[in-house]
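Next come the chains, spelled out residue by residue.
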Amino acid sequence: QRDEGWPEAFQKMVLKNEKAFLDKPNAHLEPVDFDKDFAAFQLEFPESGTFEDFLSYELYPKVYRDFYDHQQTYGDTSKLPSPAFFYGLAFNEEIQVTIGKGKTILIQYLNTNAPRKSGNRMVFFRINGTIRSVLIKDQSLDSTEVQNIKATAAGHIGSPLQGSLSKIIVKEGQEVKKDAPLFIIEAMKMESTVSAPTDGVIKKIYLKEKTMVQQDDLVIEIG
């Protein structure tokens, strides 16, 4: 064993076939253009934007991206007490959450109903004395309900509301003009006609007539 540093045998076990750095590790890193890269970072992560956030991303890009996506989905969960964040609330448990200076709310978990076919459950809380509910997907269940693709891109025409796709008026390959009727949604004994937002050609029809649809379910793609 050497007088200082890691034992040579241990170094070989850790490094395997890698060659050890004998100088500073940052000597092997690509240089960073702080002005240019910081501006690009602010465009990619518009809800962050601080220079400290940028440095975190440069050092740990995957970790920071996961952190950013978590905040965009769930908000600033750092306000929650650690046990509630990691393990959730027990039945009738109440916690205090300070969301700002002088702003503390009381949250009590009341109940959860049976799952729907979609795997969603309604969860009930009492927040500062007022009962609130939220629809949550139970990830531990296998849903038996068919989930349709959502309209997310340019040219996607989705259902404006929940109901039945009672009639499809156009066919694939058909040319349509702006405001031409495309399909009809029936809900609560009322019919709603969805029209083409622009001139174009019907590229694809995703659903069949009589399909039950949710809001924003993709029905037709126009190009």
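As shown above, the structure is provided for reference.
Residues numbered from 1 in each chain as written. Predicted model: local features only at pLDDT ≥ 70, side-chain atom pairs only at ≥ 80, totals over all residues. Heavy atoms only, no water.

**Student:** Before we go on, may I ask you to explain the overall build of the protein in this structure?
**Tutor:** Of regular secondary structure, the protein possesses five helices and twelve strands. Scaling as 2.2 N^0.38, a compact globule of 223 residues should have a C-alpha radius of gyration of about 17 Å, whereas the protein reaches 27 Å, well beyond that. Considering only C-alpha atoms, the protein reaches an extent of 85 × 50 × 40 Å along its principal axes. Expressed as a percentage of the 223 residues in the protein, the buried residues total 23%. Across the protein, the fraction of contacts at a sequence separation of at least 24, relative to all contacts at a separation of at least 6, is 36%. Surface accessibility of the protein: about 17,000 Å² in total, with carbon and sulfur atoms responsible for 54%. Averaged over its 27 positive side-chain charges, the protein has a centre that lies 7 Å from the centre of its 32 negative ones. (Helix = DSSP H or I, 4+ residues; strand = E, 2+ residues; numbered from the N terminus. Rg over C-alpha atoms; globule rule 2.2 N^0.38 Å. Buried < 20%, exposed > 50% of the residue type's maximum accessible area, 1.4 Å probe, protein only. Contact = heavy atoms within 4.5 Å. Areas by Shrake-Rupley, 256 points an atom, 1.4 Å probe, with all protein chains shown as cover. Lys, Arg positive; Asp, Glu negative; His and termini not counted. Charge placed at Lys NZ, Arg CZ, Asp CG, Glu CD.)

**Student:** Sorry if this is basic, but what is going on with the sheet that holds strand 3 (residues 120-127) here?
**Tutor:** Either a parallel or an antiparallel arrangement is found when strands of a sheet pair, and the pairing is made through backbone hydrogen bonds. Read across the sheet, four strands follow the order 1-2-3-4 without closing on themselves; strand pairing throughout is antiparallel. Each end of this open sheet is capped by a strand with a single partner; those strands are strand 1 (94-100) and strand 4 (130-137). Strand-to-strand twist across the sheet, computed as the mean angle between neighbouring axes with direction ignored, equals 35°. In this sheet, strand 3 lies alongside strand 2 (residues 103-112) in antiparallel orientation, the contact comprising five bridges. (Pairing = 2+ DSSP bridges. Axes fitted to C-alpha atoms, helices over the stretch in contact; angles between N-to-C directions.)

**Student:** Sorry, what's going on with the packing of aromatic side chains here?
**Tutor:** By convention here, two paired aromatic rings are described through the distance between centres and the angle between planes. As enumerated under the stated definition, the model contains 20 aromatic pairs in all. Where F38 meets F51, the ring centres are 5.4 Å apart and the plane angle is 80°; that geometry is what we call edge-to-face. With a gap of 13 residues between them, F38 in helix 2 (residues 34-44) and F51 in helix 3 (residues 51-59) connect regions that are remote in the sequence. F51 sits in the partly exposed class, given a relative accessible area of 34%. (Phe/Tyr/Trp six-rings, centres within 6.5 Å; stacked < 30°, edge-to-face > 60°.)

**Student:** Would you take a moment to explain unusual backbone geometry for this structure?
**Tutor:** What you tend to see is this: most non-glycine residues have negative phi, and most peptide bonds are trans. The phi dihedral of K189 falls on the positive side, at around 65°, and the residue is not glycine. Within the secondary structure layout, K189 lies in the loop between strand 8 (181-187) and strand 9 (190-195). In this structure, K210 takes a positive phi of about 75° despite not being glycine. Along the chain, the position of K210 falls in the loop between strand 10 (200-205) and strand 11 (212-213). With relative accessibility at 61%, the residue K210 sits in the exposed group.

So far we have only geometry, and geometry alone does not tell us how the molecule works.
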